[in-house]
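Chain by chain, the residues run as shown.
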Amino acid sequence: MKIQIINGPNLNLLGRREPGIYGNRAFEDWLQTLRAAYPDVEFGYFQSNIEGELIDMMQQTGFSCDGVVLNAGAYTHTSIALQDCIRSLDAPVIEVHISNVHKREEFRHRSMISCACAGVICGFGLDSYRLAVEALIGIARQKGT
Ligand code: DQA
């Protein structure tokens, strides 16, 4: 099974960025833990601060992998282009957030991409990504792949 993880703007700063909200672990470190926990899953990983690069990577991977885990960062709240992209793909996309966006500022309560995603997971720290992987494994099982 192939899962593509895509992180959007400022998520390259995980571990340094607002640790009270996002924790003090770098994503690459967490990814090692995730890979070790799911030896049968092939994980691709990509991060960009640029909206178009996120879309390019979604298009490149979202027709051939079994699922995409997407933390679009602040583009979650603004990007119709990402919404359109998610709708275009064959692979199911799970929207994730490290923080519980619904406990935070009101502008974070609205997502432009949730309506195009298979589901949304937020508020569990980096474990949100693992929960999304579990969700994608469940979807793949239902499909019988
Ligand atoms: C975030 C939440 C967004 O509102 C914010 O802009 C981020 C990170 C999260 O993972 O909690 O960059 O997606």
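Every value quoted in this text rests on a predicted model; they were computed, and no experiment measured them.

A. The arrangement of the sheet that holds strand 1 (residues 2-7) in detail. Read across the open sheet, the 5 strands follow the order 2-1-3-4-5; overall the sheet is parallel. Looking at strand neighbours, the two that pair on one side only are strand 2 (42-47) and strand 5 (119-122), the edges of this open sheet. Direction aside, the axes of adjacent strands within the sheet are offset by 20° on average. Bridge count for strand 3 (residues 67-71) against strand 4 (residues 93-97) is 3 bridges, and the pairing is parallel.

B. Representation of the pattern of salt bridges. Counted by the stated rule, this structure contains 4 salt bridges. Across the salt bridge formed by Arg25 and Asp29, the nearest N and O atoms sit 2.8 Å from each other. Residue classification places Arg25 among the partly exposed residues on the basis of a relative accessible area of 28%. Counted as one network, the salt bridges with shared partners bring together Arg104, Glu105 and Arg108.

C. Examining the packing of aromatic side chains more closely. Under the criterion given, the structure shown has 3 aromatic pairs. An angle of 25° between the planes, with centres 4.8 Å apart, marks the rings of Phe27 and Tyr45 as stacked. Pair noted here: Phe27 is in helix 2 (residues 27-37) and Tyr45 is in strand 2, with a separation of 18 residues, a long-range link. When the centroid spacing of 6.4 Å and the interplanar angle of 75° are considered together, the rings of Tyr38 and Phe43 count as edge-to-face. Phe43 shares its class with Tyr38; the two are buried. Three or more aromatic residues joined by ring pairs make a cluster, and in this case those are Phe27, Tyr45 and Tyr129.

D. Representation of the site of the ligand within the structure. Surrounding the ligand, one finds Arg17, Tyr22, Asn71, Gly73, Ala74, His77, His97, Ile98, Ser99, Val101 and Arg108. One of the side-chain N or O atoms of Asn71 is found 2.8 Å from an oxygen atom in the ligand. Contact between the ligand and Ile98: an oxygen atom at 2.7 Å from a main-chain N or O atom of the residue. Taken by itself the ligand offers 320 Å² of open surface, and the protein chains cover 99% of this. Grouping the amino acids of the shell around the ligand by side-chain chemistry returns 4 nonpolar, 5 polar and 2 charged.

E. Layout of the UniProt feature "binding site: substrate" (unreviewed entry) in the protein chain. UniProt records the feature "binding site: substrate" (unreviewed entry) at Asn71, His77, Asp84, Ile98, Ser99 and Arg108, using the numbering of this structure. Separation in sequence by 38 residues is matched in space for these annotated residues, since their most distant C-alpha atoms are 24.4 Å apart. Tracing the chain through its elements places Ser99 in the loop between strand 4 and strand 5. For Ser99, a relative accessible area of 8% translates into the label buried. Dropping the residues within four chain positions of it, Ser99 is found in contact with Ile21, Tyr22, Arg104, Cys122 and Gly123. Note on placement: Arg108 falls in the loop between strand 4 and strand 5. For Arg108, a relative accessible area of 16% translates into the label buried. Those residues in contact with Arg108 that lie beyond four places of it in its chain are His77 and Val101. For Arg108, the side chain forms a polar contact with the side chain of Glu105, separated by 2.7 Å.

Cut-offs applied
Residue positions are given per chain, counting from 1 as you read along its sequence in written order. Local features in this predicted model are restricted to residues whose pLDDT is 70 or higher, and side-chain atom pairs enter the listing and the counts only when it is 80 or higher, whereas totals over whole chains, interfaces and linings include all residues. For side-chain calculations, the full set of non-hydrogen atoms in the structure is used, while hydrogens and water are omitted. Any two strands are treated as partners once DSSP identifies two or more bridges connecting them. A run of H or I in DSSP counts as a helix once it spans at least four residues, and a run of E counts as a strand once it spans at least two, with each numbered from the N terminus. Only the stretch in contact is used when a helix axis is fitted, and all axes are lines through C-alpha atoms; the angle between N-to-C directions ranges over 0 to 180 degrees. What counts as a salt bridge is simple: a side-chain nitrogen of Lys or Arg found within 4 Å of a carboxyl oxygen of Asp or Glu. Working definition: with a 1.4 Å probe on protein chains only, accessible area under 20% of the residue-type maximum means buried, over 50% means exposed, and in between means partly exposed. Any two rings among Phe, Tyr and Trp, with Trp reduced to its six-membered ring, count as a pair given centres within 6.5 Å; such a pair is stacked if its planes are under 30 degrees apart, edge-to-face if over 60, and tilted if neither. Proximity criterion: a residue is near a molecule or strand once any of its heavy atoms comes within 4 Å of it. Here a polar contact means two N or O atoms within 3.5 Å. Within protein one must be a hydrogen donor candidate and the other an acceptor candidate, and residues neighboring in sequence count only if both atoms are side-chain atoms. Surface accessibility in these figures is a Shrake-Rupley result with a 1.4 Å probe; residues are shielded only by whichever protein chains are displayed. Gly is put with the polar residues, along with every residue not named as nonpolar or charged; the nonpolar set is Ala, Val, Leu, Ile, Met, Phe, Trp, Tyr, Cys and Pro, and the charged set is Asp, Glu, Lys and Arg. UniProt positions are given in the numbering used here, feature names are shortened, and annotations may be inferred rather than shown by experiment. Pairs of residues are marked as contacts when any of their non-hydrogen atoms sit within 4.5 Å.

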